[in-house]
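Given next are the chains, with one letter for each unit.
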Amino acid sequence: MKFLSAAAYAHGSVGRTAILLINLGTPRAPTPAAVRRYLNEFLLDARVVEIPRLPWWVVLKAVILPSRSAASAARYASVWTPEGSPLLAHSERQQRGLIAELQARGLDLDVVLAMRYGEPSIAAAMESLRRNNVARLLVVPMYPQYSATTTASAFDGVIRVLERTRNVPEFRWIRGFHDDAGYIEALRRSVRAYWEAQGRPDKLVMSFHGLPRRNLDLGDPYHCECAKTGRLLAEALELKAEEYVLSFQSRFGRARWLQPYTIDTLRSLARVGVGRVDVVCPGFVADCLETLEEIALEARREFLTNGGREFHLIPCLNDSPRFIAALGDLIERHTGGWPIRSEERARRQQAAQRSAERAQAQGAAR
C-alpha cells in the first residue's frame, strides 16, 4: 500500500486541532447525470444497503439508477436555490457560525466541512487537514441519532483515509447527541418561536428518517434514540400525549420499515378531522430534500387532499444561534484535555521553538 506522505516536518511546528463536520451529501447539480453519480455512491455503501453485493450491484446498475435518476433530479430541482443545494448551503452556514462561536469562546480550532457522499468529500477535507499540520481531530457526524447507516458510515469514510495516512492524528468521535440538553433546548426554542409567530397546531408530528425494521431487529439503536428525542422534546414543550405523534419518513422498497409511516399518519389525521398539523424533523439538523420536498411538498399534498385544512413545516435548526451554541458546548466537552485555548498559542509556539533549537543543535536539518 502506498501511504499518504506526511506534510514536510520541521522541528518547532505546532500541530493544529480541528473539527470535521460530516453530513450525508448532495449531488453537485439537479441533473440526471449528477444525481446518478450521487445515488451510485450512496446506494453502493454496504452500511446503507445490507444485502449481498453482486445481486444488489446488478439491480442498482440495471434497474434503480436508470429508473430513478431523472425522477430524483426533478425532486432536487424543485428545492434547488440560487446558492445551490439547500443541504450544502445550510451546512456551510453552520460551519461559518461554528467558527465564529468557537472564536468567541477563545478556542483555537479549525472547522472543516465534508459530505459522506458527493462533495466536499471526506478525502478532500482530510487532505486539507493533513496539509495544515492537524495533530488532533474531533469528528462530528451531524446526525443526532446514531445509526450504522449514517454515523457509522461517516466513521468508515474517515477510517479509510486514515488507513492510508502515514502520520495519523490523535482523533475522537462524537457518536451522537440525541438526548443532549443543548440540542433539545434548540429544538424547543425553534418550535416555540414558530408557534409564537404562526399559532399552535391541533397536532405536532415529529418525523424522523426511516430505516428498514430489520436494522432495529439486528441491534441498531436508531429507533430507540428517535423515541427518546421525541419524548424529551415533548416534555420540553409541555405537550400531552395526545398533542403529538412520532413517525418515520422516506420509506423505500417493499420491505417493512420503522412505523408508523409519516405519510400514512398524515392521511389518518386528516381523515379523522385534525384540521392543522405542524411537522418538525428533529433528526435533520439542516433543511434538505427530505424536509423541503418530501415533507413540505409531498406530505403537505397528502394531508390536504385527504381533508386536512392547514399544514406547516417547522424549519430545521440550520444555523440558529442556539443550535450553534449547543454544538460549541459539545465540542468543548469532547476536546477536554487538548490544547485548544487561543491564549495558550504563544506559549506553545515558544516551547516548540526551544525544542527546535535543541534538535538543530543535535544535528536536525530543520
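Keep in mind that what you see is a predicted model, and the values were worked out from it rather than measured.

Definitions and cut-offs
Residues numbered from 1 in each chain as written. Predicted model: local features only at pLDDT ≥ 70, side-chain atom pairs only at ≥ 80, totals over all residues. Heavy atoms only, no water. Helix = DSSP H or I, 4+ residues; strand = E, 2+ residues; numbered from the N terminus. Core = buried A, V, L, I, M, F, W, Y, C linked by side-chain atoms within 4.5 Å. Buried < 20%, exposed > 50% of the residue type's maximum accessible area, 1.4 Å probe, protein only. Contact = heavy atoms within 4.5 Å. Polar contact = N/O pair within 3.5 Å; in protein donor to acceptor, adjacent residues only side chain to side chain. Phe/Tyr/Trp six-rings, centres within 6.5 Å; stacked < 30°, edge-to-face > 60°. Bend = angle between axes of the 7 residues up to and from the residue. Pairing = 2+ DSSP bridges. Axes fitted to C-alpha atoms, helices over the stretch in contact; angles between N-to-C directions. Disulfide = S-S within 2.5 Å.

Draft legend 1. Examining unusual backbone geometry more closely. For the bond from Glu 119 to Pro 120, the omega torsion is -5°, close enough to zero to count as cis. Tracing the chain through its elements places Pro 120 in the loop between β2 (110-118) and α4 (122-131). The peptide bond linking Gln 259 to Pro 260 adopts the cis configuration, its omega dihedral lying at 5°. Looking at where Pro 260 falls in the secondary structure, it is placed in the loop between β6 (244-249) and α9 (262-271).

Draft legend 2. Just the nonpolar core, in detail. Residues Ile 19, Leu 21, Trp 195, Leu 204 and Phe 323 are the most contacted members of the largest nonpolar core, which totals 45 residues. The element contributing the most residues to this core is helix α6 (residues 181-198), with seven residues. When residues no more than four places from it in sequence are discounted, the contact partners of Leu 21 are Gln 95, Leu 98, Val 111, Val 112, Leu 113, Ala 114, Val 140 and Met 142.

Draft legend 3. Spotlight on the side chain of Ser 207. Examined against the element boundaries, Ser 207 turns out to sit in strand β5 (residues 203-209). Within the structure, the side chain of Ser 207 is placed 2.8 Å from the side chain of Thr 262, a separation counted as a polar contact.

Draft legend 4. How the structure looks around the packing of aromatic side chains. Tallying each qualifying case throughout the model produces eight aromatic pairs. Both rings, one in Phe 177 and one in Tyr 183, keep their centres 5.4 Å apart while their planes meet at 85°; by these two values the pair is edge-to-face. The exposure class assigned to Phe 177 is buried, which follows from its relative accessible area of 2%. Residue Tyr 183 is classed as buried on the basis of its relative accessible area of 0%. Aromatic pair Phe 208 and Phe 248: ring centres 6.3 Å apart, planes at 40°, arrangement tilted. Taken together, the positions of Phe 208 in strand β5 and Phe 248 in strand β6 put the pair 40 residues apart, joining distant regions of the chain. A residue is classified by how much of its surface remains accessible, and Phe 208, at 0% relative accessible area, is buried. Feature note: the residues Tyr 38, Phe 42 and Tyr 117 constitute an aromatic cluster, connected by ring pairs.

Draft legend 5. Broad picture of helix α10 (residues 289-305). Maximal helix bending in α10 amounts to about 35°, located at Ile 295. Turning to α10, its buried residues number three or more, namely Leu 289, Glu 290, Thr 291, Glu 293, Glu 294, Ile 295, Ala 296, Ala 299 and Phe 303. Where the residues of α10 are buried, they touch α2 (53-79), β5, β6, α9, β7 (276-280) and β8 (310-313). Looking one or two places after α10, you find Gly 307, whose phi comes out positive at around 110°.

Draft legend 6. Geometry of the sheet that holds β7. With parallel pairing, the four strands of this open sheet are ordered in space as β6-β5-β7-β8. Edge strands, defined here as strands with exactly one partner in the open sheet, are β6 and β8. Pairwise comparison of adjacent strand axes, ignoring direction, gives a mean angle of 25° for this sheet. Bridge analysis of β7 against β8 gives four bridges, and the strand direction is parallel. Of the residues in β8, the one forming a bridge with Val 279 is Leu 313. Packed onto the sheet, α6 meets β5, β7 and β8 and runs at close to 150° relative to β7. Along the sheet, α9 makes contact with β5, β6, β7 and β8, crossing β6 at roughly 140°.

Draft legend 7. Fine view of the state of the cysteines. Throughout the structure, instances matching the rule amount to zero disulfides. In this model Cys 226 remains outside any disulfide bridge; the closest cysteine sulfur is found in Cys 224, 9.2 Å from its own. We classify Cys 226 as buried; its relative accessible area is 0%. No disulfide involves Cys 281; its sulfur sits 5.6 Å from the nearest other cysteine sulfur, which is in Cys 316. Classification of Cys 281 as buried rests on a relative accessible area of 4%.

Purely geometric numbers; function is a separate question.
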